[in-house]
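This is what each chain is made of:
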Number of protein chains: 2
Amino acid sequence: MVTLAEVAQHAGVSASTVSYVLSGKRSISVSTRQRVERSIHELGYHPNAGARALASNRSNIIALMVPLRTDMYVPVMMEIAIAVATSARTHGYDVLLLTGEEGADAVRRVTGSGLADAMIMMDVELDDERLPLLRGTDQPSVLIGLPADTEGLTCVDLDFGATGALCVEHLAMLGHRDIAVIGEAPAVYERHTGFAERTLDGLRSRSRELGLRVLHRPCEGGYDAMSLTLSRIFDERPATTGFVVQNESAVEPLLALLRQQGRAVPEDVSVVAICPEQVATQASVRLTSVAIPAQEMGRTAVERLVAKLGGQGEDDVVLIAPELTVRASTGPAPAAP
Amino acid sequence: MVTLAEVAQHAGVSASTVSYVLSGKRSISVSTRQRVERSIHELGYHPNAGARALASNRSNIIALMVPLRTDMYVPVMMEIAIAVATSARTHGYDVLLLTGEEGADAVRRVTGSGLADAMIMMDVELDDERLPLLRGTDQPSVLIGLPADTEGLTCVDLDFGATGALCVEHLAMLGHRDIAVIGEAPAVYERHTGFAERTLDGLRSRSRELGLRVLHRPCEGGYDAMSLTLSRIFDERPATTGFVVQNESAVEPLLALLRQQGRAVPEDVSVVAICPEQVATQASVRLTSVAIPAQEMGRTAVERLVAKLGGQGEDDVVLIAPELTVRASTGPAPAAP
DNA sequence: ATAGGTTGTCGAAGCGCTTCGACTCGACTG
DNA sequence: CAGTCGAGTCGAAGCGCTTCGACAACCTAT
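None of these values were measured; they are calculated from a predicted model.

**Some thoughts on the overall build of chain A**
Moving on, step 1. Regarding its fold elements, chain A presents 14 helices and twelve strands.
Moving on, step 2. For 337 residues, the compact-globule estimate of 2.2 N^0.38 gives 20 Å, and chain A exceeds it by more than 25% at 26 Å.
Moving on, step 3. Each principal axis of the C-alpha distribution contributes one length, and for chain A these read about 90 × 40 × 35 Å.
Moving on, step 4. Counting every position in chain A, which comprises 337 residues, the buried fraction comes to 53%.

As structure tokens, this is what we get:
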């Protein structure tokens, strides 16, 4: 293993000079710099991470806590994780992958040991047990998701309130008056991750302004659950012509069931989904949808964190504006019979 | 930040004694151990990761390289990644998340800097550019996936050859004679990740032994591609009654199209899928399938790696035996008309 | 009683890097 | 021309930990 000292000797300078070439914290003459850089290259030198962390008190590692529940929003999570890893690298950081399993202990361990310089937490619950720890430490952190109390925290999330509003605006504009919302599984509401409630709040208050009738039903994914939910919806509100779907795994069942009942999309009923682009474009009907901007969320979180590490960022909440893409699943409401 | 020395002082012993309490590498009297442990607890001490890595030359970190392509097998990848992170923790390791983006450079960087003690590589291609590096370093590594030449490498993967064979055996046993294989997207075959070819090889050779006719067609997922592929299959082999599907995103389209054509599953045609459990159980027909054992793969990879780090493991290939679960999508072949 | 082991503890020497103060040398100022 | 300044470089002091050799203190076997 090549060390700084060997590079220094090879280049005929002192170790500290090599260090300054690497960090750029003091000026170095062009000739020296080039000589050192050539030695580094020739010897294939890589600074030892441990030594560097010890001496500088910074590890250049960002910890990323992902939820353990692998049964939900998995593609979105993965996309965020990869976006975090990729952007972190462009800022000179590596990413340590923590699962939610350890919970608050993981936070203590990582901050206590100096393993990571900062932390990104995904899938934050409204009243998360890890939040007091984050507030109590001087280690920078960014949440992806929105807890109940954001005081002293930096959060990044899609503006789910605006997302809900946007969906019903689109349907209202097309003349739909009776809207059904296929929500996430009841478990999601019970866990209070918040985003589902926020969507609903935004959607309801905009509907009220627009004079729409809204029926909300949580729904586990899959055909059986969807079938039951759908028949109940039409029992209760036969005039329903617009659907907003937030549960990815209910999308395809919904489309299949509507087809089966002889209701054409978008001629008879319109469907707006809140889901990743990929789901929207690969469904059996190309879906009008509000995308979940996973990449942007990951990238933004890293940028915020790096700013804080540089002493510049301040605590605040970044809500990403939703964008609705019109595809083939929405159209004008049918004329009343 | 609490240091070893502070713990030592608090407990009234020397620093080295505290270190030996922590590592257990020398015997310590019960009374001293208890005193030290109490001090550690009271002060909330966590060993500094950088200092430890520097002094011991081991970081207790495992690097995990995931593919950058976020468009494929994503849920499986995520499940593996989480299984790796979780198992690694039970062995005292943390996981560093690397994306494929940096390619071979990432391998050099991580091994060169001592950032990680070992490495797990997912989505290995048949002739991967990173393999020479892995062979050339003394850093232990495990691949998830199977390259062309496994000499000097440790690999973990599902036995895709046996998987293909198992699928056709099941169909043959039910009396099906004409089998169509809906393969992965052409891009997968072109990238030579290997698993798709191995499935096909195993499937073909077993079919030959069983006297089955096999028609293989690669297929991008989605409805349009599937529709085209399906009509070509029935044009060429009208007697087809058995399907093996390896492309997750073709599963639902296939079922929908068959339904639409009036072919009942499993009365008229049988479908076997190679996919994660979740896809099999959530599809519109509960699918007879061979599961991709993501958790087991991740766990096994970590166990292998930890064994190698302990100087015990040897290089070899671990092929996980496939298991076929019979559900509602396969049944006896219809009597010939 | 004495040589030889064990057991438990300590001190000190690093691990490879960053960073501070100090030093040299040439260029500029008044 | 002396004094001042900035640019460029070096030496040395740690960062917090592990680990080796040393050394008491005690036990066992002769």
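**Topic: helix H3 (residues 30–43) of chain A**
Residues and elements named next belong to chain A.
Moving on, step 1. If you check H3, its first and last C-alpha atoms are 20 Å apart, about what 14 residues at 1.5 Å a residue would give, namely 20 Å.
Moving on, step 2. For H3, every residue scored as buried is listed here: Thr 32, Val 36, Ser 39 and Ile 40. End-on, the buried residues of H3 take up no more than an arc of 100°, which puts them together on one face. Residues of H3 that are exposed and angled more than 90 degrees away from the buried face: Val 30, Arg 38, His 41 and Glu 42.
Moving on, step 3. Lining the buried residues of H3 we find helix H1 (4–11) and helix H2 (15–23).
Moving on, step 4. A positive phi of about 65° marks Gly 44, the residue just after H3.

**Quick notes on the relation of the copies chain A and chain B**
Moving on, step 1. The two copies are related by a screw operation: chain A maps onto chain B through 180° of rotation and 0.0 Å of translation along the axis, at an RMSD of 0.1 Å. The two molecules are tied by a two-fold rotation axis, judged by turn and shift.
Moving on, step 2. Interface overlap between copies: 100% of the residues of chain A at the interface are likewise at the interface in chain B, consistent with a symmetric, same-surface contact.

**As for unusual backbone geometry**
Moving on, step 1. Here the bond from Val 265 of chain A into Pro 266 of chain A is cis, since omega is 10°, no more than 30 degrees from zero.
Moving on, step 2. Within the secondary structure, Pro 266 of chain A is located in the loop between helix H12 (248–260) and strand E9 (270–275).

**Describing the interface of chain A and chain B**
One frequently used descriptor of interface size is the decrease in accessible area upon assembly of the parts.
Moving on, step 1. Facing 46 residues of chain A, the contacting portion of chain B comprises 47 residues.
Moving on, step 2. Between chain A and chain B the total buried area reaches about 4,000 Å² when both faces are included, carbon and sulfur atoms providing 66% of it.
Moving on, step 3. Glu 102 of chain B serves as the salt-bridge partner of Arg 89 of chain A, at 3.3 Å between the closest nitrogen and oxygen.
Moving on, step 4. Where chain A packs against chain B, one counts ten residue pairs in polar contact (both at pLDDT 80 or more).
Moving on, step 5. When contributions to the side of chain A that touches chain B are tallied by element, the ones reaching two or more residues are helix H4 (49–56), strand E1 (61–66), helix H5 (74–90), strand E2 (94–99), helix H6 (104–113), H12 and helix H13 (277–282) of chain A.

**Considerations on the domain arrangement of chain A**
Moving on, step 1. Segmentation of chain A into domains returns domain 1 (4–47), domain 2 (61–158 + 294–320) and domain 3 (160–292).
Moving on, step 2. Once you take the C-alpha centre of each, domain 1 of chain A and domain 3 of chain A turn out to be 61 Å apart.

**Focus on the nonpolar core**
Moving on, step 1. Formed by 90 residues in total, the largest nonpolar core has its most connected members in Leu 64 and Ile 120 of chain A together with Leu 64 and Ile 120 of chain B.
Moving on, step 2. With residues near it in sequence (within four places) discarded, Leu 64 of chain B still touches Ala 81, Val 84, Val 95, Leu 96, Leu 97, Leu 98, Ile 120 and Met 122 of chain B.
Moving on, step 3. Counting residues in hydrophobic clusters, the runner-up holds 38 residues, among them Ala 106 of chain A together with Leu 96, Val 110 and Val 124 of chain B.

**Some remarks on the pattern of salt bridges**
All names here are of chain B.
Moving on, step 1. Within the structure shown, the criterion is met by 32 salt bridges over all chains.
Moving on, step 2. In this structure, Asp 128 and Arg 130 form a salt bridge, with 2.7 Å as the shortest nitrogen-oxygen distance.
Moving on, step 3. Judged by its relative accessible area of 10%, Arg 130 falls in the buried class.
Moving on, step 4. We note a salt bridge from Arg 217 to Glu 236, for which the minimum N-O separation is 3.0 Å. With Arg 217 in strand E7 (residues 213–217) and Glu 236 in helix H11 (residues 223–236), this pair connects stretches of sequence that are 19 residues apart.

**Quick word on the protein's contact with DNA strand D**
Moving on, step 1. If you check the shell around DNA strand D, you find 26 residues, and the closest are Thr 17 and Thr 32 of chain A together with Leu 4, Arg 26 and Tyr 45 of chain B.
Moving on, step 2. For DNA strand D, the fraction of protein-proximal atoms (within 4 Å) that sit in sugar or phosphate groups is 55%.
Moving on, step 3. Here Leu 4 of chain B contributes a backbone N or O atom positioned 2.3 Å from a phosphate oxygen of DNA strand D.
Moving on, step 4. The side chain of Tyr 45 of chain B places a nitrogen or oxygen atom 2.4 Å from a phosphate oxygen of DNA strand D.
Moving on, step 5. Those elements giving two or more residues to the surface near DNA strand D turn out to be H2 and H4 of chain A together with helix H2 (15–23) and helix H4 (49–56) of chain B.

**Structural notes on the sheet that holds strand E8 (residues 242–245) of chain A**
Within a beta sheet, neighbouring strands are joined by backbone hydrogen bonds and run either parallel or antiparallel to one another.
Residues and elements named next belong to chain A.
Moving on, step 1. Sheet architecture is open: six strands sit in the order E7-E6-E8-E9-E10-E12, paired in mixed fashion. Both outer strands of the open sheet, strand E7 (213–217) and strand E12 (324–325), are each paired with one neighbouring strand and no more.
Moving on, step 2. Across four bridges, the pairing between strand E6 (residues 178–182) and E8 is parallel. Among the inter-strand pairings, Ile 179 is bridged to a residue of E8, identified as Gly 242.
Moving on, step 3. In the packing of helix H8 (residues 160–173) onto the sheet, contacts are made with E6, E8, E9, strand E10 (288–291) and E12, and the angle to E9 comes to roughly 160°.
Moving on, step 4. The sheet contacts of helix H11 (residues 223–236) involve E6, E7 and E8, and relative to E7 the element is tilted by about 155°.

**Let's talk about the UniProt feature "domain: HTH lacI-type" (unreviewed entry) in chain A**
Moving on, step 1. Look at the UniProt record and you will see "domain: HTH lacI-type" (unreviewed entry) annotated at residues 2–56 of chain A.
Moving on, step 2. Taken end to end, residues 2–56 of chain A is 71% helix and 0% strand, and its two terminal C-alpha atoms sit 20 Å from one another.

**Some points on the packing of helix H5 (residues 74–90) of chain B against helix H14 (residues 294–309) of chain B**
Residues and elements named next belong to chain B.
Moving on, step 1. At a minimum axis distance of 7 Å, the contact between H5 and H14 shows a crossing angle of 40°. Of the possible angle classes, the one that applies to H5 and H14 is oblique. Note on packing geometry: the crossing formed by H5 with H14 is right-handed. On H14, the residues touching Val 76, Glu 79, Ile 80, Ala 83, Val 84, Ser 87 and Ala 88 of H5 are Ala 294, Gln 295, Met 297, Gly 298, Arg 299 and Val 302.

Each value, and the rule that gives it
Residues numbered from 1 in each chain as written. Chains lettered and ligands numbered in written order. Predicted model: local features only at pLDDT ≥ 70, side-chain atom pairs only at ≥ 80, totals over all residues. Heavy atoms only, no water. Helix = DSSP H or I, 4+ residues; strand = E, 2+ residues; numbered from the N terminus. Rg over C-alpha atoms; globule rule 2.2 N^0.38 Å. Buried < 20%, exposed > 50% of the residue type's maximum accessible area, 1.4 Å probe, protein only. Expected span 1.5 Å × (residues − 1). Arc of directions from axis to C-beta. Contact = heavy atoms within 4.5 Å. Least-squares fit on C-alpha atoms with pLDDT ≥ 70 in both. Buried area = accessible area lost by both parts, 1.4 Å probe. Salt bridge = Lys/Arg side-chain N within 4 Å of Asp/Glu carboxyl O. Polar contact = N/O pair within 3.5 Å; in protein donor to acceptor, adjacent residues only side chain to side chain. Domains from an automatic or database assignment. Core = buried A, V, L, I, M, F, W, Y, C linked by side-chain atoms within 4.5 Å. Near = heavy atom within 4 Å. Pairing = 2+ DSSP bridges. Axes fitted to C-alpha atoms, helices over the stretch in contact; angles between N-to-C directions. UniProt positions renumbered as here; feature names shortened; annotations may be inferred. Parallel < 35°, antiparallel > 145°, perpendicular 65-115°, else oblique. Left-handed = near helix turned anticlockwise from the far one by under 90°.

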